[in-house]
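Topology and contacts: notes
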Amino acid sequence: AARIIATGDSMLAWNAGSDRSVVSVLERQLQTRIVDRSVVGARYHYALPVSGSLGVRIGSQYRSGPWDWVVMNGGGNDLRLGCGCRRGEAQLDRLISDDASSGTVVDAVKRARAAGARVAYVGYLRTPGRGSLIAHCRGWGDRFEARLAARAALEDGVTFVSVADLVPYGDLSFHDVDRIHPSPKGSAAIAARIAAAMK
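All figures in this text were calculated on a predicted structure; none of them were measured in a lab.

Criteria and cut-off values
Residues numbered from 1 in each chain as written. Predicted model: local features only at pLDDT ≥ 70, side-chain atom pairs only at ≥ 80, totals over all residues. Heavy atoms only, no water. Axes fitted to C-alpha atoms, helices over the stretch in contact; angles between N-to-C directions. Helix = DSSP H or I, 4+ residues; strand = E, 2+ residues; numbered from the N terminus. Parallel < 35°, antiparallel > 145°, perpendicular 65-115°, else oblique. Left-handed = near helix turned anticlockwise from the far one by under 90°. Contact = heavy atoms within 4.5 Å. Nonpolar A, V, L, I, M, F, W, Y, C, P; charged D, E, K, R; others polar. Salt bridge = Lys/Arg side-chain N within 4 Å of Asp/Glu carboxyl O. Buried < 20%, exposed > 50% of the residue type's maximum accessible area, 1.4 Å probe, protein only. Core = buried A, V, L, I, M, F, W, Y, C linked by side-chain atoms within 4.5 Å.

With that settled, the discussion passes to the packing of helix H2 (residues 22–30) against helix H8 (residues 184–198). The interhelical angle for the contact between H2 and H8, taken along N-to-C directions, is 50 degrees, at an axis separation of 8 Å. In terms of their interaxial angle, H2 and H8 are classed as oblique. Handedness of the H2/H8 crossing: right-handed. On the side of H2, the interface is formed by Val22, Val25, Leu26, Gln29 and Leu30, while H8 contributes Ser187, Ala188, Ile190, Ala191, Ala192, Ile194, Ala195 and Met198. For the contact of H2 with H8, the per-class residue count stands at eleven nonpolar, two polar and no charged.

Encoded structure:
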């Protein structure tokens, strides 16, 4: 029986069709089954009820179970929509407050911890030395992940897995052609970092 569940967005789900997503590779690296609930395009704040219940809303992805670990990510799609407008700060605070004590992400982590599971919260790739459609969101991403790291420091059983430094300067091989999502090589590298943190 699976003892790990994964929830999140395309960072985890990309390359799933070829069985080379982060979660697929992590399964092989840990040699254990993982229930993968991640969905491309998923967000924490998603208003439509039908598609939201199908997993586009990250909060609806989690299912109770005898989990040892919950691998999580998410928030990037919420922040991308807020970049460059006045809702950016409010969106960040809604995800996780400045002191990392509250927010939608904190609620999701607490829910998993309340059931006894440990949490590995995974950050996002960067494209150092190269531009992308979300390059202007870098500052928001850095602030978001600083708060995630602070939350992990506050709560036993929670680990923040940063992959911000994973890509060498100017190297495009870790990304798909859009320079946003991971290539199979990038997925494998992310999975390796998660596995190391869990072990």
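Quick look at the pattern of salt bridges now. A complete count under the given rule lists ten salt bridges for this structure. One salt bridge in this structure joins Arg28 and Asp19, with 3.2 Å as the shortest N-O distance. Residue class for Asp19 comes out partly exposed when judged on its relative accessible area of 43%. For the salt bridge of Arg151 with Glu155, the shortest nitrogen-to-oxygen distance reads 2.8 Å.

Ranked by internal contacts, the top residues of the largest apolar core, which has 54 residues, are Val70, Val71, Phe144, Ile190 and Ile194. Here this core gets six residues from one element, more than from any other, and that element is H8. Discounting residues that sit within four places of it in the chain, Ile190 has contacts with Met11, Val22, Val122, Leu125, Val163, Leu166 and Pro182.

Taken residue by residue, H2 has Val22, Val23, Ser24, Val25 and Leu26 as its buried positions. Within two residues after H2, Gln31 carries a phi angle of roughly 55 degrees, on the positive side.

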